[in-house]
Number of protein chains: 2
Amino acid sequence: MYELAINLKPDEKTPLYEQIYEYIRSEIRDGHISSGEKLPSTRALSRCLDVSRSTVELAYEQLLSEGYIEAQPCRGYFAAQIDGLYQIQRQNRSTKKKDSKGEKKYTYDFTPNGVDLKSFPYNVWRKLSRECLMDDRAELFRLGSPKGEWGLRNAISSYLHQARGVNCTPEQIIVGAGNDYLMMLLCAIIGTRHRVALENPTYRQAYRLFSNLSCEVCTVDMDAKGMRVDRLETSGADIAFVMPSHQYPLGTVMPIKRRIELLGWADGGQDRYIIEDDYDSEFRYKGKPIPALQGYDGKGRVIYIGTFSKSIAPAIRMSYMVLPENLCRMYEERCGFISSTVSKVDQLILQRFIEEGYYERHLNKMRALYKNRHDTLLAALRDWDAGFTVSGENAGVHLLLHFHDGRSEEELIRLAAGKGVKVYGLSEYYVKGSKDRKEAVILLGYANMNEEKIKNAADLLKEAWKNK
Amino acid sequence: MYELAINLKPDEKTPLYEQIYEYIRSEIRDGHISSGEKLPSTRALSRCLDVSRSTVELAYEQLLSEGYIEAQPCRGYFAAQIDGLYQIQRQNRSTKKKDSKGEKKYTYDFTPNGVDLKSFPYNVWRKLSRECLMDDRAELFRLGSPKGEWGLRNAISSYLHQARGVNCTPEQIIVGAGNDYLMMLLCAIIGTRHRVALENPTYRQAYRLFSNLSCEVCTVDMDAKGMRVDRLETSGADIAFVMPSHQYPLGTVMPIKRRIELLGWADGGQDRYIIEDDYDSEFRYKGKPIPALQGYDGKGRVIYIGTFSKSIAPAIRMSYMVLPENLCRMYEERCGFISSTVSKVDQLILQRFIEEGYYERHLNKMRALYKNRHDTLLAALRDWDAGFTVSGENAGVHLLLHFHDGRSEEELIRLAAGKGVKVYGLSEYYVKGSKDRKEAVILLGYANMNEEKIKNAADLLKEAWKNK
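Basis of the calculations
- Residues numbered from 1 in each chain as written.
- Chains lettered and ligands numbered in written order.
- Predicted model: local features only at pLDDT ≥ 70, side-chain atom pairs only at ≥ 80, totals over all residues.
- Heavy atoms only, no water.
- Helix = DSSP H or I, 4+ residues; strand = E, 2+ residues; numbered from the N terminus.
- Rg over C-alpha atoms; globule rule 2.2 N^0.38 Å.
- Buried < 20%, exposed > 50% of the residue type's maximum accessible area, 1.4 Å probe, protein only.
- Areas by Shrake-Rupley, 256 points an atom, 1.4 Å probe, with all protein chains shown as cover.
- Lys, Arg positive; Asp, Glu negative; His and termini not counted.
- Charge placed at Lys NZ, Arg CZ, Asp CG, Glu CD.
- Pairing = 2+ DSSP bridges.
- Arc of directions from axis to C-beta.
- Contact = heavy atoms within 4.5 Å.
- Domains from an automatic or database assignment.
- Axes fitted to C-alpha atoms, helices over the stretch in contact; angles between N-to-C directions.

Asks: Can you walk me through the overall build of chain A in this structure?
Replies: Along its length, chain A carries 16 helices and 16 strands. For chain A, the C-alpha radius of gyration of 25 Å lies close to 23 Å, the compact-globule estimate for 468 residues. Of all 468 residues assigned to chain A, the portion counted as buried reaches 60%. With an accessible surface of roughly 19,200 Å², chain A has 48% of that area assigned to carbon and sulfur atoms. Charged side chains of chain A number 67 positive and 63 negative; the gap between the two group centres comes to 2 Å.

Asks: Looking at this structure, I do not really get the pairing of strand 11 (residues 319–322) of chain A. What am I missing?
Replies: Residues in a regular strand project their side chains so that they alternate between the two faces of the sheet. All names here are of chain A. Residues Ser319 and Met321 line one face of strand 11 and the alternating positions Tyr320 and Val322 line the opposite face, and both faces are buried. Here strand 4 (residues 173–176) runs beside strand 11; their pairing, made up of 4 bridges, is antiparallel. The partner of Ile174 across the bridge, within strand 11, is Met321. Where strand 10 (residues 302–307) lies against strand 11, 4 bridges are found, and the strand directions are antiparallel. Looking at the pairing, Gly306 lines up with Tyr320 of strand 11.

Asks: Which parts of the structure should I look at to understand helix 15 (residues 409–418) of chain A?
Replies: It helps to recall that an α-helix has 3.6 residues per turn; residues three or four apart then point in one direction. Residues and elements named next belong to chain A. Here helix 15 has its buried residues at Glu409, Leu412, Ala416 and Ala417. Projected onto a plane normal to the axis of helix 15, the buried residues spread over an arc of 135° and lie on a single side. Summarising the geometry of helix 15, the exposed residues directed more than 90 degrees from the buried face are Glu410, Arg414 and Gly418. Taken together, the buried residues of helix 15 touch strand 13 (398–403), strand 14 (421–422), strand 15 (424–425), strand 16 (440–445) and helix 16 (451–465). Count one or two residues on from helix 15 and you reach Gly420, which has phi positive near 80°.

Asks: It is not clear to me how the domain arrangement of chain A should be interpreted in this structure. Could you clarify?
Replies: How big an interface is tends to be stated in terms of accessible area lost as the parts join. The domain boundaries assigned to chain A delineate domain 1 (1–99), domain 2 (108–118 + 361–465) and domain 3 (121–360). When each unit is reduced to the centre of its C-alpha atoms, the spacing between domain 1 of chain A and domain 3 of chain A is 41 Å.

Asks: Explain the sheet that holds strand 12 (residues 388–391) of chain B to me, please; I cannot follow it from the model alone.
Replies: Sheet strands line up and pair through hydrogen bonds in the backbone, either parallel or antiparallel. All names here are of chain B. Here we have 4 strands laid out as an open sheet, ordered 12-13-16-15, and antiparallel in their pairing. Two strands in the sheet have a free side with no partner beyond their single neighbour: strand 12 and strand 15 (424–425). One ladder, built from 2 bridges, connects strand 15 with strand 16 (residues 440–445); its direction is antiparallel. Each residue of the ladder has a partner; that of Gly425, found in strand 16, is Ile442. Against the sheet, helix 14 (residues 358–382) engages strand 12, strand 13 (398–403) and strand 16, with an angle of about 20° to strand 13. Running over the sheet, helix 15 (residues 409–418) touches strand 13, strand 15 and strand 16 and is turned about 40° from strand 16.

Asks: I tried to follow the pairing of strand 16 of chain B on my own but got confused; where do I start?
Replies: Residues and elements named next belong to chain B. Counting buried positions along strand 16 gives 6 out of 6 residues, so the element sits mostly inside the fold. Taking every second residue as pointing to the same face, both faces of strand 16 are buried, with Ala440, Ile442 and Leu444 on one and Val441, Leu443 and Gly445 on the other. Relative to strand 16, strand 13 is paired through 6 bridges, and the arrangement is antiparallel. Paired with His398 across the two strands is Gly445, which belongs to strand 16.

Asks: Any chance you could explain the sheet that holds strand 7 (residues 226–227) of chain A here in plain terms?
Replies: Pairing is mixed across the open sheet formed by 8 strands, whose spatial order is 4-11-10-9-8-5-6-7 (chain A). Each edge of the open sheet carries a strand with a single partner, namely strand 4 and strand 7 of chain A.

Dropping the structure here:
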């Protein structure tokens, strides 16, 4: 029997079953597992890799259905003849293959988009999910309200009021399956004859989404206070997409003066709106949380978007949007018939998670956890002589390193990669104009790494970046 | 203490907690519960109404948060002073109030959009959901594939191949949170510079969606074989939205000749596509299932859309779309970055539900159940002397009654309502041109009623519609 030496990476984006699948597939393709050779049983392999049996089964099923292995009743799984198969599979999977090849060489990944999922409250979620499924039965599976269930919207509105200073009733809230969906819905509500201004650098997913939904899109430069309102005024935009509480990726907090200017801009023209993406304001490690821009808006100009992807888990697919009252009416008229995108069971689980205090406790726990990682990384960076300054401290889940020693982002990224550490350049967040930038800025996300890993990775970076 | 005599209607669209909430609210508003009066405890009321305690708690919470009742620690709930509150609440809730008032007078509702949820496989769903949450932990809450999880797409592709004759690989499938979302996504993939033709009468939700997403929309008349291809040709449309296996609402099955003509139309112009909405083809009570149009398509012209809303439950929010290969490429380019709208847990539950044979068993059970209701309703209609003929038999979950005695749909609906029976006129499914129609057609959906109810309701209709 063939012995599998798979080096699983639970922190990678690629699911475990896919890692197993890809490993075995490449072993078969490369001839390391020869045709007719027996593979370990799913039970044996799951024990050996310390993963659930269903994960291995999933990998085997995929290999089976693609013809790489064959099942023989009562005997087990065997590598199949693969002549001819190779071409077809390569076509279908070429992009995926590239990705996984590209990621293989990194021991540490400072992704700024990480979420620590080891701390997900599995037991509570399981308990609530069990309880919800016990309840009411038919009611839970009947089509719900297009906006989301009233109970969840009520819980969100209380949370937003207390934690974020947002003024709204549950009637103004629309629950949807992720920010991308809510942005698509918003475009359907307000129509696509708008010009949307985004900060530069920005969350590029939003930029792509607006431009693919046939909106006109432009970028507006930032200064230390956030989006420049004078430039916004001359941009011709009627919608401004901003992240005032913690700009992504720069980490800028928009001060009250700029906020008032921004609200003034919105009030100065017909049908101007501000989209406030409040994506990770839960994570602030110093002082009081920054209240949402929406709370200062007396004229119904701010569309507030929040998500549970960062604060609970990306895969639960629940976000929400708070519409000003005039847009609520437009929503009812134009999109009120569009069915909700979140299952009622999931909504009920989340509602109880919030109402029964688990959400607050979870946030406190994550805040403490991320703060420790933040502090560890900051401390590890402090005593270097590499010529950089740090920004973006005390909030979010990443830091920015500004280099002034003439080295380029590409060089710094390459040097880090040479030590097996993946870091990210600020350039990729710029929509245009990044060529003009003189400064090299590196992003280090710390949500996904424990303190030991952070220390080790920082040591490697120090070694990689030391000035010779 | 005030005694509550709430007549709950579990079959209504309005959730139970909302029915309780609305009843108590109106009792307080109308002065039947006076200010300061004590309400029953949640425990007592849940026992008395035979609903779960959380349902009553939800109703009370809503009343509390809107200020209709007050909680006094260790004493219970009391009706509040409501002076001044009335105006605000009426504004916010005016549409909802209208709906619930309008529905109150019906004892039986022949809605054609019903799904029997008493037969939902609660125990299996609960078991699978428990098992899925035991597994893998972090993996389940990490962001998944934008198209949906491979395992689920694989299960759907096998099902579609076997049950519907659809030719596709898992790579062509996109899982999404409901048909409305998938249609929005489709518009983002192909852009909105299209003219979409729908059958007339049709599924009006689709019509509204396309027109609100800024597509040009038109309707094309049907004959006994479905959408007329000659009229489609002259309509100037480049996209045809059809339901060939069981047209909604007419129940027409498109014969093979018309299908080939339709595919010929699609092949006769640049970038022409057919959207095949295969919404309830699972329910056919005579002969073999009608294979999907997609299976005949050799040129990559058919976009196939299917849903689990009808076959499992509306609130699970899972549908899927099969794209031809050229649109798959456009999807990857233009929308491949848009996150999935379905949670990974839900996808895994559904995958196992299909793979472990539960879906097939559930479909068989539902088919038998609906067939009995179909037969019961048909039998009950047979021995009348009311001047109508029946169509739409042997498939779906509704029948159509064509009246030739000069009475209008409005009159027939009014007569039925007089006996407490809600029936539906075909006119509301016509986008335009319904004025020209001479024939009065009534739709009777039977999915939501057991056989006894169907018999009783049919007796009432017979009485209501008898020719004097």
